[in-house]
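Chain by chain, the residues run as shown.
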Amino acid sequence: SEDCMPGRFVDCNTLSAGRRSRVASGRLDGCDGGAGAVRSMEEVIVQFTQGPPENGGRCLEIAVRIGECWGRDSDGATYDCMGLCGPSCQPDSPGLCSNWSLNCLRHDVCSYYYNSKGGAVDPSCGYAFVEAEKDYLVPCAWDDRCRLDGFNTFAEVCAADTAAARFARYLDAGLRGTDNFV
């Protein structure tokens with residue numbers, strides 16, 4: 001998947017932040033403490049490294065909106081609801097909840113870029129998986145600090161006609177002519 005979208009993944013500190021916040025590769029704050037929480041209709045510059053940041057791997061960044069729906073990669077893995085903790089969007093099932101975080105977003109973009117497999121043991125994005133897992137495990141049923149209520153399923157994020165869903169899908173027309181935009 002490397003460089004699947006020319007110009008979107010760039011070397012760190014290339015993009016101008018403007019009104020976006022920059023999430024440095026070494027910033028691993030969890031969503032339950034506030035600093036790693038996200039909001040719908042938010043765009044951030046996410047930095048990630050190949051391997052743990054302290055190992056000095058190549059640092060890349062991408063401007064991404066919370067909830068972007070990228071579809072399937074070349075291996076068939078689904079990358080929708082970017083930033084939601086867990087694989088792709090939440091299933092449409094009553095009573096389920098999901099967490100969202102910057103750590104989960106970092107893992108999503110790192111995993112997509114390096115076509116990661118194996119979770120915590122992946123050599124490129126395992127460190128991001130470990131940090132994202134902490135946010136995934138926050139008990140969203142009674143701790144709402146990491147939730148984005150009404151913005152979790154494919155229908156709510158990738159197909160809805162709400163302001164938040166349209167904001168997350170701003171690139172769809174150019175990227176999702178099919179299920180695979182690589």
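Residues numbered from 1 in each chain as written. Predicted model: local features only at pLDDT ≥ 70, side-chain atom pairs only at ≥ 80, totals over all residues. Heavy atoms only, no water.

Peer 1: So what's going on with the side chain of glutamate 68? Which residues, and what values?
Peer 2: As for its position among the elements, glutamate 68 is in the loop between strand 4 (59-65) and helix 1 (102-114). In terms of polar contacts, glutamate 68 uses its side chain to reach the backbone amide nitrogen of arginine 65, at 2.7 Å. (Helix = DSSP H or I, 4+ residues; strand = E, 2+ residues; numbered from the N terminus. Polar contact = N/O pair within 3.5 Å; in protein donor to acceptor, adjacent residues only side chain to side chain.)

Peer 1: Explain the packing of helix 1 against helix 2 (residues 126-136) to me, using residue names and the numbers behind them.
Peer 2: Taken N-terminus to C-terminus, the directions of helix 1 and helix 2 make an angle of 145 degrees; their axes are 8 Å apart at the nearest point. Viewed along their axes, helix 1 and helix 2 form a crossing whose handedness is left-handed. Residues Asn103, Cys104, Arg106 and His107 of helix 1 form the contact with helix 2, whose own contacting residues are Tyr127, Ala128, Phe129, Glu131, Ala132 and Asp135. Per-class residue counts for the contact of helix 1 with helix 2 are five nonpolar, two polar and three charged. (Axes fitted to C-alpha atoms, helices over the stretch in contact; angles between N-to-C directions. Left-handed = near helix turned anticlockwise from the far one by under 90°. Contact = heavy atoms within 4.5 Å. Nonpolar A, V, L, I, M, F, W, Y, C, P; charged D, E, K, R; others polar.)

Peer 1: Which residues make up the nonpolar core, and what are the values?
Peer 2: With 34 residues, the main nonpolar core has Phe9, Phe48, Trp70, Trp100, Leu105 and Val109 as its most contacted residues. Only strand 3 (43-49), strand 4, helix 1, helix 2 and helix 4 (163-168) provide two or more residues apiece to this core. Among the elements that take part in this core, helix 1 stands out by supplying seven residues, more than any other. When neighbours within four sequence positions are excluded, leucine 105 is seen to be in contact with Val44, Val46, Val64, Ile66, Met82 and Gly83. (Core = buried A, V, L, I, M, F, W, Y, C linked by side-chain atoms within 4.5 Å. Buried < 20%, exposed > 50% of the residue type's maximum accessible area, 1.4 Å probe, protein only.)

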